[in-house]
Amino acid sequence: MTVTEVLTTGRATSPTRRPARRVTVGGVIKVAGLALWLVITLFPLYWIVVTSFKAPGSINRFPLEYWPTEPSLDNYTGLFETSAFGVFLANSAIVALAAGATSTLIALLSAYVLARFEFRSKGAILAAFLLTQMIPTFIALGPLYTMLADLRLVDSKPGLILVYIAVCIPFSTVMLRGFLENVPDALEEAAMIDGSSRLGALFRVIVPVMAPGIVAAFIFNVVNCWNELFLSVILINSDANKTVPAALNGFISTFNVAWGPMAAAAVLTILPTMVLFALASRWIVDGLTAGAVKE
């Protein structure tokens, strides 16, 4: 209320209050359902963390301990003393980063062609990219293993990187094509009028504009390669080349499961991806929303 209005009316009115939100049965059910779903989702992660800090003799103790009475780091120290887990982490980082970066670059070029040019087999290529996402990996395992054996790339990081690149390219291409279609053609046309080549216009003009989408595709590729288990177990045999998922699978034997070391290894495996998503969350959200709406 202004001073003029107070002088005119002779009184000041209290500020308008927002109406209190009504509590309904449906709202309570929704909140309770979401809370229950949150507990169900987070409890396995909580249990893995708690198990990793339990002493080896208390993991299978009954009744169950939902919080370790005597927290211990034996599982973490034993993980690095009894196995080459540091090597496994380094192998996963090398494979995931190399495959993620290479597949994102190749997908960017192929997505640019699909977004900017019209040709007869364009629809067939897009359909093939989408179809590959529906085919289970194990169907192509036989020919894939034979091809890598002929190239002498079985049980090697370069061979695993090549396989991951081939797996990541179709999804990344379809994803980046959606981002490219939202970038106006006038940007690269202006750059080409100024003397830039088409490839130069792509990397100097288009790439900075769609950087969030590229970062989002790169992160998804890295995380998928980091967490992949089936191909890494089949194609890698030696400890010198094993990745983290294959190493986690090694804690399960015929008659025993090393729950403590496996829980500690799982925590150390999850942490890098959580940190990566936390640091790049803004880029991921911007990238996904940029490719979600066509103007």
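The present account deals with the structure reproduced in this document. Note that the structure is predicted; figures quoted are calculated from it, not measured.

Rules used throughout
Within each chain, residue numbers correspond to sequence positions counted from 1 in written order. Where totals are concerned, whole chains, interfaces and linings use all residues; where local detail is concerned, this predicted model gives features only for residues with pLDDT of at least 70, and gives and counts side-chain atom pairs only at 80 or more. Side-chain metrics in this entry use all non-hydrogen atoms of the structure; hydrogen atoms and water are not considered. Elements are defined by DSSP. Helices are runs of H or I of four residues or more, strands are runs of E of two residues or more, and each kind is numbered from the N terminus. When a residue's accessible area, from a 1.4 Å probe over protein chains only, is under 20% of the maximum for its type it is buried; when over 50% it is exposed; and in between it is partly exposed. Here the accessible surface of atoms and residues is derived via Shrake-Rupley with a 1.4 Å probe, and residues count as covered only by protein chains that are part of the display. For Phe, Tyr and Trp, rings pair up if their centres lie within 6.5 Å, where Trp contributes its six-membered ring, and each pair is then called stacked (planes under 30 degrees apart), edge-to-face (over 60) or tilted (otherwise). In these notes, a set of buried Ala, Val, Leu, Ile, Met, Phe, Trp, Tyr and Cys residues joined through side-chain atoms within 4.5 Å is what counts as a nonpolar core. In what follows, residue pairs with any heavy atoms lying within 4.5 Å of each other are defined as contacts. Salt bridges are defined as contacts in which a side-chain nitrogen from Lys or Arg sits within 4 Å of a carboxyl oxygen from Asp or Glu. Note on geometry: axes are C-alpha line fits, over the in-contact stretch for helices, and angles between N-to-C directions span 0 to 180 degrees. Oblique is the label for every angle not falling under 35 degrees (roughly parallel), over 145 degrees (roughly antiparallel), or within 65 to 115 degrees (roughly perpendicular). Less than a right angle of anticlockwise turn of the near helix away from the far helix marks a crossing as left-handed, whereas a clockwise turn marks it as right-handed. Throughout this entry, Asp, Glu, Lys and Arg are counted as charged residues, while Ala, Val, Leu, Ile, Met, Phe, Trp, Tyr, Cys and Pro are counted as nonpolar. The remaining residues, Gly among them, count as polar.

## Regarding the overall build of the chain
The secondary structure content of the chain amounts to 14 helices and zero strands. Ordering the α and β elements of the chain from the N terminus gives α-α-α-α-α-α-α-α-α-α-α-α-α-α. Among the 295 residues that make up the chain, the fraction classed as buried is 35%. For the chain, the accessible surface area stands at approximately 18300 Å², while carbon and sulfur atoms represent 69% of it.

## A short note on the packing of aromatic side chains
Under the definition given, this model contains six aromatic pairs. Seen in terms of ring centroids, Phe 43 and Trp 47 are 5.9 Å apart; in terms of plane orientation they differ by 20°. Their pairing is stacked. One end of the pair, Phe 43, and the other, Trp 47, are both in helix 2 (residues 25–52), four residues apart, so they sit about a helical turn from each other. With a relative accessible area of 38%, Phe 43 lands in the partly exposed category. One aromatic cluster in this structure is built from Phe 43, Tyr 46 and Trp 47.

## Re the nonpolar core
With 20 residues, the main nonpolar core has Ala 99, Leu 160, Val 163, Tyr 164, Cys 225, Leu 231 and Leu 235 as its most contacted residues. Looking at this core, the element that brings in the most residues is helix 7 (residues 157–181), giving seven residues. Val 163 has contacts with Leu 144, Leu 148, Leu 231 and Leu 235, leaving out every residue within four places of it along the chain. If you look at the next biggest cluster of nonpolar residues, it comprises 17 residues, including Phe 179, Ile 206, Val 207 and Ala 217.

## Remarks on the pattern of salt bridges
Overall, the coordinates contain six salt bridges when judged by the stated rule. Measuring nitrogen to oxygen at the nearest pair gives 3.3 Å for the salt bridge that ties Arg 116 to Asp 185. One end of the pair, Arg 116, is in helix 4 (residues 85–116); the other, Asp 185, is in helix 8 (residues 185–193), with 69 residues separating them in the sequence. For Arg 116, a relative accessible area of 17% corresponds to the buried category. Accessibility expressed as a relative area gives 39% for Asp 185, which makes it partly exposed. Residue Arg 198 pairs with Glu 188 through a salt bridge whose shortest N-O separation is 3.7 Å. Taken together, the positions of Arg 198 in helix 9 (residues 198–209) and Glu 188 in helix 8 put the pair ten residues apart, joining distant regions of the chain. Note on Glu 188: relative accessible area 3%, which makes it buried.

## Section: the packing of helix 5 (residues 122–132) against helix 7
The packing of two helices is summarised by the inter-axis angle and the distance between the axes. Remark: helix 5 packs on helix 7, axes separated minimally by 8 Å, with the N-to-C direction vectors making an angle of 125°. In terms of axis orientation, helix 5 runs oblique to helix 7. Like other packed secondary-structure pairs, helix 5 and helix 7 cross with a definite hand, here left-handed. Residues Lys 122, Leu 126, Phe 129, Leu 130 and Thr 132 of helix 5 pack against Pro 170, Thr 173, Val 174 and Arg 177 of helix 7. Considering only residue class, the contact of helix 5 with helix 7 consists of five nonpolar, two polar and two charged.

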